Amino acid sequence: MKILVIGATHGNELLGVKLYERLIKQRSRLLEHVDFIVGNPRAYAARQRYIDSDLNRSYGKKGHAYEEGRAQEITQYIRRTKPDLVLDMHTTTCDQPVCLIVGSTKGKAKRRFLRASHVKAILQVHPMDSIVTLGDNVAAYEVPNDQITTELLDSIIADLQRCIDDAGGHERKKLFAMSDKIFKRDVTPEQAASFVNFELSPLGFVPIMTGENSYKKQTDYLGFKSPAPKDIRIR
Ligand SMILES: [Zn+2]
């Protein structure tokens, strides 16, 4: 099995790079199965989220933004190297549990990975021109910045090992299926401040990836919403 790990799709998110460094140091034999690229090299060099536009909103676009060109390069790279599984590594400033992000729960290799991963919460998102549009073999990790410890990196490495071995072990998951964005115009700052990510809000939905910086971001939404999660078993 061949796994492509993409680090720094957002240039200030270092989870993927740290994972790769840990693999080289501690588990270099796994590199037989793991390929690694930096998603957004220019943004990574500058340690900023992006240069012209969000790379994870640039897939399938053909404009002149640096990230739109980079999304095309990554797409071609994946077509050429044909990994069984693509893992995009993200971090967040939001207060939330570690979660896995997918476009669907379809795809043989992806299901094998989901079964292998210790992470319980799965967020199923709409495509939004993100990397999940590339196929059923793409998943992402979203890890809060303050949870990037060597223990966490080693848990992810163990996920990779179990996936390669098809050892399963973590079939039971909680699936949060994104139903919509939470638009800023629809909630007051007080309501937004009361949200607890991944827990049902009195407004009748589960807020996801909302945080203190949400109102400062250059988007018209605070995060995503999902109905109450489903207990699922990945077979
Ligand atoms: Zn990110």
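Keep in mind it's a predicted model, so treat the numbers as computed, not measured.

## Focus: the overall build of the protein
Each helix and strand counted, the protein has 6 helices and 11 strands in total. Oriented by its inertia axes, the alpha-carbon framework of the protein measures out at about 50 × 45 × 30 Å. In the protein, the share of contacts with a sequence separation of at least 24, taken over all contacts with a separation of at least 6, comes to 74%. Accessible area of the protein: about 11400 Å², with a carbon and sulfur share of 48%.

## Focus on the packing of aromatic side chains
Enumeration over the complete set of coordinates arrives at 5 aromatic pairs. Ring centres of F195 and F205 lie 5.7 Å apart, and the angle between their planes is 65°; this geometry places the pair in the edge-to-face category. With F195 in the loop between α6 (189-194) and β9 (206-208) and F205 in the loop between α6 and β9, this residue pair connects regions lying 10 residues apart in the sequence. By relative accessible area, which is 11% here, F195 ends up buried. Here the basic side chain of R185 rests over the ring of F183, its NZ or CZ set 4.4 Å away from the ring centre. Between the NZ or CZ atom of K225 and the centre of the ring of F205, over which it lies, the distance is 4.6 Å.

## Some details on the side chain of S117
Looking at where S117 falls in the secondary structure, it is placed in the loop between α4 (108-116) and β5 (121-124). At 3.1 Å, the side chain of S117 forms a polar contact with the backbone nitrogen of V119. With residues up to four places along the chain from it excluded, the contact list for S117 reads L100, Y141, D159, R162, H170 and K173.

## A look at unusual backbone geometry
The phi torsion at D129 lies on the positive side, around 60°, for a residue other than glycine. Residue classification places D129 among the partly exposed positions, given a relative accessible area of 35%. Of note in the backbone geometry, M209 takes a positive phi value of approximately 55° without being a glycine. Relative to the helices and strands, M209 resides in the loop between β9 and β10 (221-226).

## Digging into the side chain of R70
Mapped onto the secondary structure, R70 falls in helix α3 (residues 66-81). Judged by relative accessible area, which is 13%, R70 ranks as buried. Only 2.7 Å separates the side chain of R70 from the side chain of E73, close enough to count as a polar contact. Setting aside its immediate chain neighbours within four residues, R70 contacts I37, V38, G39, P41 and L55.

## Considering the coordination of the zinc ion
Listed as protein donors to the zinc ion are H10 (ND1), E13 (OE), E13 (OE) and H90 (ND1); their distances from the metal cover 2.0 to 2.5 Å. Taken together, the 4 donor atoms coordinating the zinc ion and their angles of 55 to 152° define a geometry best described as irregular. Read in sequence order, the donor residues coordinating the zinc ion give the pattern H-x2-E-x76-H. Note that H10 is positioned in the loop between β1 (3-7) and α1 (15-26) and H90 in strand β3 (residues 85-92), a separation of 80 residues in sequence. By relative accessible area, H10 is classed as buried at 4%. By relative accessible area, H90 is classed as buried at 4%.

## As for the packing of α4 against helix α5 (residues 150-165)
Two elements in contact, α4 and α5, have axes separated by 8 Å at closest approach and are oriented at 130°. By the criterion of interaxial angle, the relationship of α4 to α5 is oblique. Considering only the axes of α4 and α5, their crossing is right-handed. Here R112, F113 and A116 of α4 lie close against α5, whose contacting residues are D159, R162, C163, I164 and D165. Classifying every residue of the contact of α4 with α5 gives 4 nonpolar, no polar and 4 charged.

Thresholds applied
- Residues numbered from 1 in each chain as written.
- Predicted model: local features only at pLDDT ≥ 70, side-chain atom pairs only at ≥ 80, totals over all residues.
- Heavy atoms only, no water.
- Helix = DSSP H or I, 4+ residues; strand = E, 2+ residues; numbered from the N terminus.
- Contact = heavy atoms within 4.5 Å.
- Areas by Shrake-Rupley, 256 points an atom, 1.4 Å probe, with all protein chains shown as cover.
- Phe/Tyr/Trp six-rings, centres within 6.5 Å; stacked < 30°, edge-to-face > 60°.
- Buried < 20%, exposed > 50% of the residue type's maximum accessible area, 1.4 Å probe, protein only.
- Lys NZ or Arg CZ within 6 Å of the ring centre and 35° of its normal.
- Polar contact = N/O pair within 3.5 Å; in protein donor to acceptor, adjacent residues only side chain to side chain.
- Donors = N, O, S within 2.8 Å, 3.2 Å for Na, K, Ca; no water.
- Tetrahedral: all angles 85-135°; square planar, octahedral: opposite > 155°, others 65-115°.
- Axes fitted to C-alpha atoms, helices over the stretch in contact; angles between N-to-C directions.
- Parallel < 35°, antiparallel > 145°, perpendicular 65-115°, else oblique.
- Left-handed = near helix turned anticlockwise from the far one by under 90°.
- Nonpolar A, V, L, I, M, F, W, Y, C, P; charged D, E, K, R; others polar.

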